[in-house]
Amino acid sequence: MNTEKLPLFRKAQWPYILAALSLFLLPLILSDFRLNLLGKFLTFAIAAIALDLIWGYTGVLSLGHGVFFSLGAYCMAMYLKLQAEDLPDFMVWSGLTDLPWFWKPFKHLWVALPMAVIVPAVFAIIIGIPTFRARIKGVYFSILTQALALVFSILFIGQQPYTGGTNGMTNFQNMLGYSLSDSSTMRGLYIITAVALIIVFVLSRWIVNTKTGRILIAIRDGENRLRFLGYDTSLFKICIFALSASLAGLAGALYVPQVGIISPSMMGILPSVEMAIWVAVGGRGTLSGAVMGAFAVNFAKSYLSETFPNTWLYFLGILFISVVLLFPKGIIGLFKKFRKKIIEREEIPADGQQI
Amino acid sequence: MQSPGRGKSKGSKMSIEMIISQIFNGLSLSSILLLIALGLSITFGIMGVINFAHGEFLMVGAYTAYVLQKIFHGQDGGTYFLISLPVAFLVAGIVGFILEKSLIRFLYGRPYEGILATWGLSLIFQQTARNIFGANNVEVTSPSWLAGGIELMNGLQLPYNRLFIIAVAALSVFVMYLYIYNSSAGRRMRAVMQNRDMSACMGIKTKSVDSTTFAIGCGLAGVAGCVVSLLGSIGPSTGQNYIVDAFMVVVLGGVGKLSGTIAGAIMIGMASPLFEYVTTSSMGKVIVFALVIVFLQWKPSGLFALKTRALD
């Protein structure tokens, strides 16, 4: 059994430690602007891990993770908005005179932050129970979650007095008394996000290495067999979907104070599909792949959209297609192929000596 | 939530004319959805590929109508529009055929990757349209003979353009019915849908069945694009407005059966304007989505699923 089990830290742990260390060293060399950008990418990496848990490991492609990300983000934004103004500006414009009851608790960070994790999980359970129990799977689930993304973005645009409508929420001032525009606050937020990413990574790694993780992989590879063996696969799927949603919500909550705006455009279909592409580029079914994919795609995206503002969507589209056709296992797959080649080259003389 | 009062006042005014015109608008939306969903459902049934770029073929059809209007500029009372229907079918079909040969066929049996790749394709299509025709929407003038409508009773008019849309959809479905159930090509198509390996053994060229079917599906979406241009201006994201509803039609109706797609299209097409009318347009979408989920509790694989003994 022990040999079967993948150890949490094995011999090849140094790349992880190196990567973690460099996350904390980067604030020393990067400018505020670049660091802020990197902090944003870190939250995307958390979202990518969340999606990888449900797609890469469990084999259920959710195209609605932008919704969970945004729900977390909105929870945080409500707190930040109430820090800036007693009655948010968009409510004034819509003619509201009192704060709606469900806004009131969000005055406190210790309510907003847990809610950013709980609200997405609750919605995931509400969606997950009827769909997974009815054994809706494969692309049907993807289509339904895509519709969910559309419905939520329309709903949030429509409820202008409560959500800020199309423009969403912005103009945040401070958080726990620290001004968000201060360089030190930004750096602090960056460090918090980096720590959160590491915790989420270790947590997810632990989950996929436990017996539960094995069951998740088994659901991906042969759900019916598992069901015949007596496992309640839909229960596992609901749980991992909820966990994944709450991690995405956490990512959203960390995203808002760093980026300073959240609007329904983060909730629509495009961001949700983009999350899937991060995971696919990195290599699904590997947590480090999800993180790398989120970084790689977003670096490329911010570079290309700055350099070629008119044509960068072509690059994005070509990326989508080429990942699928040329590198179906992503960056990690390329790595493994490369490493295997080196090992093979080293092993051939070794075998020769044995003879 | 936004305006329960307004919703109520609308509801109390609901008269027989309102009901009929709601049903009529619903039917014309159903017709458009049906044209889109037919292609989606058939390609998914045959190839296991969900084509997220399908809405962009609708856009191709819509822009075909626009280009033809420019070419025939100011010549007549709009016969160009009748020509644009078959032309849109051909253009969208040919584009679809080329794409099937070059890209889609590598995605067979890989549904998730298919989603990502075809989504990328749709981004490229939209950006291309933006570069050629500009980011702003353009107007296709309805032919003069489609202006006005039949006066059924006082205050109730059935516009000709919506009647025309319903007629086009009905004709397309009829032709598709003849093709699928009464032609040898359709028989081959159904055979491949039921059992690809066995049909290949019997000498059916499954690859050419695939590309023909895909092209026909895209062509139908092109026709849909043509008729959509009658209802309003068209733009690079026109396809996106309809595609999610069309997916819902496929989910509701089940895959690979004409009757299922028709039933699904009528259900979604009637339900969404109705609920949007009774509540608000955003709440209407939420209600329809919730109803779809509830419906799937009862029929998880859609109304008319192909009967099969396979587990997956």
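Residues numbered from 1 in each chain as written. Chains lettered and ligands numbered in written order. Predicted model: local features only at pLDDT ≥ 70, side-chain atom pairs only at ≥ 80, totals over all residues. Heavy atoms only, no water.

Student: I tried to follow the environment of Leu123 of chain B on my own but got confused; where do I start?
Tutor: Summarising the element assignment, Leu123 of chain B is placed in helix α5 (residues 111–133). According to the relative accessible area criterion, Leu123 of chain B is buried, its value standing at 5%. When the C-alpha atoms of Leu123 of chain B and Tyr179 of chain B are compared, they prove to be 32 Å apart, with 56 residues separating the residues in sequence. Contact partners of Leu123 of chain B, with chain neighbours within four places excluded, come to Leu270, Leu313, Leu316 and Gly317 of chain A. (Helix = DSSP H or I, 4+ residues; strand = E, 2+ residues; numbered from the N terminus. Buried < 20%, exposed > 50% of the residue type's maximum accessible area, 1.4 Å probe, protein only. Contact = heavy atoms within 4.5 Å.)

Student: Would you explain a nonpolar patch on the surface in this entry?
Tutor: Nonpolar side chains collect at one region of the surface, where Leu171, Phe174, Val175, Tyr177, Leu178 and Tyr181 of chain B lie side by side and expose about 570 Å² of accessible area between them. Residue classification places Tyr177 of chain B among the partly exposed positions, given a relative accessible area of 41%. (Patch = residues over 30% accessible without salt bridge, like charges linked within 9 Å, V, L, I, M, F, W, Y side chains within 5 Å. Areas by Shrake-Rupley, 256 points an atom, 1.4 Å probe, with all protein chains shown as cover. Salt bridge = Lys/Arg side-chain N within 4 Å of Asp/Glu carboxyl O.)

Student: I'm lost on the interface of chain B and chain A in this one. Help?
Tutor: Note on interface size: it is often stated as the accessible area lost on association of the parts. Counting residues at the interface gives 41 residues for chain B and 47 residues for chain A. Carbon and sulfur atoms make up 77% of the surface buried where chain B meets chain A, a total of about 4,200 Å² over both sides. Across the chain B-chain A interface, the total number found is 1 salt bridge. Here chain B and chain A share 6 residue pairs in polar contact (both at pLDDT 80 or more) between them. When contributions to the side of chain B that touches chain A are tallied by element, the ones reaching two or more residues are α5, α10 (238–253) and α12 (281–298) of chain B. Among the residues forming the side of chain B that touches chain A, the class breakdown is 29 nonpolar, 7 polar and 5 charged. (Buried area = accessible area lost by both parts, 1.4 Å probe. Polar contact = N/O pair within 3.5 Å; in protein donor to acceptor, adjacent residues only side chain to side chain. Nonpolar A, V, L, I, M, F, W, Y, C, P; charged D, E, K, R; others polar.)

Student: How do you make sense of the packing of aromatic side chains when you look at a structure like this?
Tutor: Working definition: an aromatic ring pair is given by the centre-to-centre distance plus the angle between the planes. Tallied over the entire structure, the rule returns 33 aromatic pairs over all chains. Ring geometry for Tyr140 of chain A and Phe44 of chain B: centres 6.0 Å apart, planes at 80°, overall edge-to-face. With Tyr140 of chain A in helix α6 (residues 139–158) and Phe44 of chain B in helix α2 (residues 16–47), this residue pair bridges two chains. Neither Tyr140 of chain A nor Phe44 of chain B differs from the other in exposure class; each is buried. When the ring of Tyr177 of chain B is compared with that of Tyr181 of chain B, the centres are 5.2 Å apart and the planes differ by 40°; the resulting orientation is tilted. Pair noted here: Tyr177 of chain B and Tyr181 of chain B are both in helix α6 (residues 160–182), with a separation of 4 residues, about one helical turn. One aromatic cluster is present, built from ring pairs that chain together Phe44, Phe69, Tyr255 and Trp278 of chain A. Its end group placed over the ring of Trp298 of chain B, Lys299 of chain B keeps NZ or CZ at 5.5 Å from the ring centre. (Phe/Tyr/Trp six-rings, centres within 6.5 Å; stacked < 30°, edge-to-face > 60°. Lys NZ or Arg CZ within 6 Å of the ring centre and 35° of its normal.)

Student: Would you explain empty space enclosed by the protein in this entry?
Tutor: Any empty space left between atoms is shown by rolling a water-sized probe over those atoms. By the definition in use, this model includes 2 cavities of 30 Å³ or more. Space inside the largest cavity adds up to approximately 110 Å³. Ala147, Leu150 and Val151 of chain A together with Val244, Asp245, Met248, Ser272, Glu276, Lys285, Val288 and Phe289 of chain B together form the lining of the largest cavity. Mapped by element, the contributors of at least two residues to the lining of the largest cavity are α6 of chain A together with α10, α11 (258–278) and α12 of chain B. For the lining of the largest cavity, the per-class residue count stands at 7 nonpolar, 1 polar and 3 charged. Size it by volume and the second largest cavity reaches roughly 50 Å³. Contributing to the lining of the second largest cavity are Trp55, Ala280, Arg284, Val323, Val324, Phe327 and Pro328 of chain A together with Glu113 and Leu116 of chain B. When residues of the lining of the second largest cavity are traced back to their parent elements, those giving at least two are α13 (312–326) of chain A together with α5 of chain B. (1 Å grid on protein atoms, 1.4 Å probe; cavity = no way out; pocket = protein on both sides within 12 Å on 5 of 7 lines; lining within 4 Å. Points joined across faces, edges and corners; volume = space filled by probe spheres on them.)

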